[in-house]
Amino acid sequence: MAGFDALVDAFRQNAGLWIGFSLILGLLIGSFLNVVIHRLPIMLERGWQRDCRELLGQTPETSAPVYNLITPRSACPQCHTAIKAWQNIPVLSWLWLRGRCAACGHPISLQYPLVELASGLLTALAAWHFGVSAFTLAVFVFGWLLLAAALIDLKTTLLPDLLTLPLMWLGLLLAAFGLNPSVSLHDAVLGAAGGYLALWSVYWLFKLTTGKDGMGYGDFKLLAALGAWLGWQSLAMILLLSAGVGAVIGVGMILLLRHDRRIPIPFGPYLAGAGFLALYLGDLLSQRLWGWAG
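Throughout what follows, the structure given in this document is the object of discussion.

About the thresholds
Residues numbered from 1 in each chain as written. Predicted model: local features only at pLDDT ≥ 70, side-chain atom pairs only at ≥ 80, totals over all residues. Heavy atoms only, no water. Helix = DSSP H or I, 4+ residues; strand = E, 2+ residues; numbered from the N terminus. Buried < 20%, exposed > 50% of the residue type's maximum accessible area, 1.4 Å probe, protein only. Patch = residues over 30% accessible without salt bridge, like charges linked within 9 Å, V, L, I, M, F, W, Y side chains within 5 Å. Areas by Shrake-Rupley, 256 points an atom, 1.4 Å probe, with all protein chains shown as cover. Salt bridge = Lys/Arg side-chain N within 4 Å of Asp/Glu carboxyl O. 1 Å grid on protein atoms, 1.4 Å probe; cavity = no way out; pocket = protein on both sides within 12 Å on 5 of 7 lines; lining within 4 Å. Points joined across faces, edges and corners; volume = space filled by probe spheres on them. Nonpolar A, V, L, I, M, F, W, Y, C, P; charged D, E, K, R; others polar. Core = buried A, V, L, I, M, F, W, Y, C linked by side-chain atoms within 4.5 Å. Contact = heavy atoms within 4.5 Å. Expected span 1.5 Å × (residues − 1). Arc of directions from axis to C-beta. Axes fitted to C-alpha atoms, helices over the stretch in contact; angles between N-to-C directions. Parallel < 35°, antiparallel > 145°, perpendicular 65-115°, else oblique. Left-handed = near helix turned anticlockwise from the far one by under 90°. Phe/Tyr/Trp six-rings, centres within 6.5 Å; stacked < 30°, edge-to-face > 60°.

In this section: the environment of His80. With respect to the secondary-structure elements, His80 resides in the loop between helix H2 (15–55) and helix H3 (92–96). Residue classification places His80 among the exposed positions, given a relative accessible area of 60%. In the structure, His80 is positioned 51 residues away from Ile29 in sequence and 23 Å away in space, judged by C-alpha atoms.

The following block contains the structure:
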């Protein structure tokens, strides 16, 4: 404990050290987030297939290899050569290898260093903005989970419960133990309930009017999580920001990129972006938005 206290004191006395440590931590977590973004949808799909076989009374597969966030080791999708430790250094390895597999020269997606860099910058931003505290550590997790959820939704139009529900419960627990400096437990509970019900109501209004599904239940849960973190007072701003940006980008994709309007556009990334803005710029944005509206 003495060593831990000394480390905390060093971070408090040297902001650069704290931010630098947080940046490196975020980069390392970003490397793992790439695994989550790639594997979690596959794990969910395999789980659904297994459940369907059980419901149909079919014999479950027993010879399928273990596949989770740890096993098997990361490998090149082209030549299946296992990635060595030095090839997995966040951002630097991709630059050193010039974006190609060391064994076969197959291109490595730019997504990997970008996710690592985004995770590192989000973590450093939280360290700079909130200082050294337990709440800052929670904000680290907030950023990591939101980043992974947004990118999975962007790629698959899925928002996994394994990401959104822990995010919501963490927000509620922070408020319950008084660790969130700006949101009370009362506001967090109302935020979670209000966030879910707001999009749930829109969903059913759209479905009853058109007979079609307008969004997924994962969007309800993600907004509930943001409400738990930011309080019910932020919900209107988050919805306004996310809907506005989503509408502009959606219309632009249809007009400029000839995006088929029948293909759903994921809403999760816009909610996540609005959540980040509300966390860091909530007071300023509220003054600008509601001041302009008034």
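Another aspect to go through is a nonpolar patch on the surface. On the surface, a cluster of nonpolar side chains totalling about 600 Å² of accessible area is made up of Trp86, Ile89, Leu92, Leu95 and Trp96. Summarising the element assignment, Leu92 is placed in helix H3. Residue class for Leu92 comes out exposed when judged on its relative accessible area of 56%.

Roughly 960 Å³ of volume is contained in the second largest pocket. Every residue lining the second largest pocket is counted, 37 residues in all, and those nearest its centre are Ser74, Ala75, Cys76, Ile83 and Tyr112. Here the lining of the second largest pocket takes six residues from H2, the largest share from any one element. For the lining of the second largest pocket, a count of residues per class yields 22 nonpolar, eleven polar and four charged.

Moving on to the nonpolar core. One finds Phe142, Leu146, Leu167, Trp229, Ile238 and Leu271 to be the most contacted residues of the largest nonpolar core, which totals 59 residues. Broken down by element, this core gets its largest block of residues, 13 residues, from helix H5 (residues 134–156). Among all residues touching Trp229, those that are not within four sequence positions of it are Phe135, Ala138, Val139, Phe142, Leu167, Leu170, Gly171, Leu174, Asn180 and Val183.

Now for helix H4 (residues 111–130). Think of an α-helix as 3.6 residues a turn; residues three or four steps apart then line up on the same face. With 20 residues, H4 should cover 28 Å at 1.5 Å per step; its first-to-last C-alpha distance of 28 Å lies within 8% of that length. Looking only at H4, the buried set comprises Pro113, Val115, Glu116, Ser119, Gly120, Thr123, Ala124, Ala126 and Ala127. The buried residues of H4 all sit within an arc of 165 degrees when viewed along its axis, so they share a single face.

Bringing empty space enclosed by the protein into the picture now. Counting across every chain of the model gives one cavity of 30 Å³ or more. As for the largest cavity, its lining consists of Leu122, Thr123, Val139, Phe140, Phe142, Gly143, Trp144, Phe276 and Tyr280. Contributing elements (two or more residues each) for the lining of the largest cavity: H4, H5 and helix H10 (268–293). For the lining of the largest cavity, the element with the highest residue contribution is H5, accounting for five residues.

Viewed as axis vectors pointing N to C, H4 and H5 meet at an angle of 150 degrees, and their least axial separation amounts to 9 Å. Classed by the angle they form, the pair H4 and H5 counts as roughly antiparallel. Considering only the axes of H4 and H5, their crossing is right-handed. Of the residues in H5, those in contact with Gln111, Val115, Ala118, Ser119, Leu122, Thr123, Ala126, Ala127 and Phe130 of H4 are Phe135, Thr136, Val139, Phe140, Gly143, Trp144, Leu147, Leu151 and Lys155. Here the residues of the contact of H4 with H5 are counted per class, giving twelve nonpolar, five polar and one charged.

This part covers the packing of aromatic side chains. In this description, an aromatic ring pair is defined by two values, namely the gap between the centres and the angle between the planes. If you walk through the whole model with that rule in mind, you get 16 aromatic pairs. Ring geometry for Phe11 against Phe21: centres 5.1 Å apart, planes inclined by 35 degrees, an arrangement best described as tilted. Linking Phe11 in helix H1 (residues 2–13) with Phe21 in helix H2, this pair joins segments that are ten residues apart in sequence. Residue classification places Phe11 among the buried positions, given a relative accessible area of 8%. On the basis of relative accessibility, which here comes to 39%, the residue Phe21 falls in the partly exposed class. Here the aromatic rings of Tyr196 and Phe220 are separated by 5.5 Å at their centres, their planes lie at 85 degrees, and the arrangement is edge-to-face. Residue Tyr196 is located in helix H7 (residues 185–210), and its partner Phe220 is located in helix H8 (residues 217–230); the two are separated by 24 residues in the primary sequence.

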